[in-house]
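# Residue-level structure breakdown
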Amino acid sequence: GPALVIRGSVAVTNGDVSVQLSQAAMSEVTAPLGSWRTLRDSLTYRVMLAVWDTLSPLARSLPRGALPHTSLGLARFLHAEQLVAAGEWGNAYRAYAEAESTDPTCWLCSWRLSDVERWLGREHDPARLQRVRDHIDAFPPWYQNLIRAADLPLPQRLELLHTETREFRDFFLGYLLLGDELLHRGPLVGHPRAEAIPLFEQAALRRPDFAPAWEHLAWVDITEGDSAGATRALAALDTRTVGNDPFALAVRALVRVAFAF
């Protein structure tokens, strides 16, 4: 991608050192002259967020108030984000857990862990879910809907997720979660699985580098007998490797077997 150029100026006034950075999102960092570690951590944190903004077209949708508050916690969180985007479910779970352990104020880490647990078929940690609910105000509205939807009965959950996709059309995760509900549970309340196809397509359109969107689109195309659609989804999925993640490798193999069948 494009290079990230950062310019700045440094001034010392009355024992405080201020660093003014050129990127508007970074603004000014000020600390006592002797607190170099505090200054370093603040600068590192802001530069990492700026780098992430250049790497991800949807970085601005991140709930900044629910992110880690330390540079090390943020680095580990962003590493986990890359893993889940590649569809490395097991590796991503361990990375989010490490980020949460590094910085327990990362409410988004806690929510991501609960979300990944669904894909891994693990039991949710009630204490972790409660932490997210207790700090829901740290999330913007487009995340609050997703958090609240998980606690609702299926018909109301689908209704709230439909509202999410209407109100926040550029947020890919709403389409992905609504599509997932319709794929796995939609028939229980009279929705055909095929209704999930355009939702996964919208998620993939807004975040083409997000492997889980293509993975789910491949599944629903296969179940509906759309070999052309499944071929396109699998081709896009194959551009993302899953490294040494046993769970992800098994899922990819299972999708291939389903397609061949």
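Residues numbered from 1 in each chain as written. Predicted model: local features only at pLDDT ≥ 70, side-chain atom pairs only at ≥ 80, totals over all residues. Heavy atoms only, no water.

### Concerning the overall build of the protein chain
- In terms of helices and strands, the protein chain carries twelve helices and three strands.
- Projected onto its principal axes, the C-alpha positions of the protein chain cover 70 × 35 × 35 Å.
- Contacts in the protein chain between residues far apart in sequence, at least 24 positions, make up 51% of those at least 6 positions apart. (Helix = DSSP H or I, 4+ residues; strand = E, 2+ residues; numbered from the N terminus. Contact = heavy atoms within 4.5 Å.)

### Considering the sheet that holds strand 1 (residues 8-13)
- In spatial order, the strands read 1-2-3; together these three strands make up an open sheet with antiparallel pairing. At either margin of the open sheet sits one strand with a lone partner, and together these are strand 1 and strand 3 (28-32). Across the sheet, the mean angle from the axis of one strand to that of its neighbour is 15°, orientation sign disregarded.
- As judged from the five bridges shared by strand 2 (residues 16-21) and strand 3, these two strands associate in the antiparallel manner. In the sheet register, aspartate 16 faces strand 3, and the bridge partner there is proline 32.
- On top of the sheet, helix 1 (residues 36-55) reaches strand 2 and strand 3; it is set at about 165° to strand 3, its chief contact. (Pairing = 2+ DSSP bridges. Axes fitted to C-alpha atoms, helices over the stretch in contact; angles between N-to-C directions.)

### Let's talk about unusual backbone geometry
- Of note, the phi angle at asparagine 14 is positive, near 50°, even though the residue is not glycine.
- For asparagine 14, the location among the structural elements is in the loop between strand 1 and strand 2.

### Some details on the environment of alanine 196
- Relative to the helices and strands, alanine 196 resides in helix 9 (residues 196-206).
- For the pair alanine 196 and leucine 120, spaced 76 residues apart in sequence, the C-alpha separation works out to 20 Å.
- Apart from residues lying up to four places away in sequence, alanine 196 is in contact with Gly179, Leu182, Leu183 and Val220.

### With respect to the pairing of strand 2
- The sheet contact formed by strand 1 and strand 2 spans six bridges and is antiparallel. The residue bridging glycine 8 from the neighbouring strand is leucine 21, located in strand 2.
- Following strand 1, the chain reverses through two residues before pairing antiparallel with strand 2; asparagine 14 in that reversal takes a positive phi of roughly 50°.

### Regarding the nonpolar core
- Residues Phe77, Leu108, Trp111 and Leu173 are the most contacted members of the largest nonpolar core, which totals 71 residues.
- Aside from chain neighbours lying at most four places away, what touches phenylalanine 77 is Leu62, Leu67, Pro68, Tyr96, Ala99, Cys106, Leu108 and Cys109.
- Ranked by size, the runner-up nonpolar core spans six residues in total, among them Val17, Val19, Val29 and Leu39. (Core = buried A, V, L, I, M, F, W, Y, C linked by side-chain atoms within 4.5 Å. Buried < 20%, exposed > 50% of the residue type's maximum accessible area, 1.4 Å probe, protein only.)

### Description of the confidence of the model for the protein chain
- Of all residues in the protein chain, 97% attain a pLDDT of 70 or more, and the chain-wide mean is 91.
- Element-level mean pLDDT values for the protein chain span from 83 in helix 1 up to 97 in helix 7 (residues 154-167). (pLDDT = per-residue confidence, 0-100.)

### Let's talk about the packing of helix 1 against helix 2 (residues 71-85)
- The geometry of helix 1 relative to helix 2 is characterised by a closest axis approach of 9 Å and an angle of 20° between their N-to-C directions. Between helix 1 and helix 2, the interaxial angle falls into the category roughly parallel. Helix 2 is crossed by helix 1, and the crossing has left-handed handedness. Here Asp41, Thr44, Tyr45, Met48, Leu49 and Trp52 of helix 1 lie close against helix 2, whose contacting residues are Ser71, Leu74, Ala75, Leu78, Glu81 and Gln82.
- Taken together, the residues of the contact of helix 1 with helix 2 break down into seven nonpolar, three polar and two charged. (Parallel < 35°, antiparallel > 145°, perpendicular 65-115°, else oblique. Left-handed = near helix turned anticlockwise from the far one by under 90°. Nonpolar A, V, L, I, M, F, W, Y, C, P; charged D, E, K, R; others polar.)

### Some words on helix 11 (residues 227-237)
- For helix 11, every residue scored as buried is listed here: Gly229, Ala230, Ala233, Leu234, Ala236 and Leu237. One side of helix 11 carries all its buried residues, which in axial view fall inside an arc of 160°.
- For helix 11, the N-terminal capping position is held by aspartate 226, with its side-chain oxygen 3.3 Å away from the main-chain nitrogen of alanine 228. (Arc of directions from axis to C-beta. Polar contact = N/O pair within 3.5 Å; in protein donor to acceptor, adjacent residues only side chain to side chain.)

### What to know about a nonpolar patch on the surface
- On the surface, a nonpolar cluster with roughly 310 Å² of combined accessible area is contributed by Val12, Leu33 and Trp36.
- Summarising the element assignment, leucine 33 is placed in the loop between strand 3 and helix 1. (Patch = residues over 30% accessible without salt bridge, like charges linked within 9 Å, V, L, I, M, F, W, Y side chains within 5 Å. Areas by Shrake-Rupley, 256 points an atom, 1.4 Å probe, with all protein chains shown as cover. Salt bridge = Lys/Arg side-chain N within 4 Å of Asp/Glu carboxyl O.)

### Focus: the environment of proline 192
- Along the chain, proline 192 turns up in the loop between helix 8 (172-184) and helix 9.
- Using a relative accessible area of 45% as the deciding quantity, one classes proline 192 as partly exposed.
- Taking C-alpha positions, proline 192 is 7.5 Å from leucine 182, a pair spaced ten residues apart along the chain.

### Here we look at the pattern of salt bridges
- Following the criterion strictly, the structure yields 14 salt bridges and no others.
- For arginine 128, the salt bridge identified is with glutamate 100, shortest N-O distance 3.1 Å. Here arginine 128 is found in helix 5 (residues 126-134), whereas its partner glutamate 100 is found in helix 3 (residues 89-102), with 28 residues between them in sequence.
- The class of arginine 128 is buried, set by a relative accessible area of 10%.
- In this structure, the salt-bridge partner of glutamate 181 is arginine 157, at a minimum N-O distance of 3.0 Å. Of the two residues, glutamate 181 sits in helix 8 while arginine 157 sits in helix 7, which places them 24 residues apart along the sequence.

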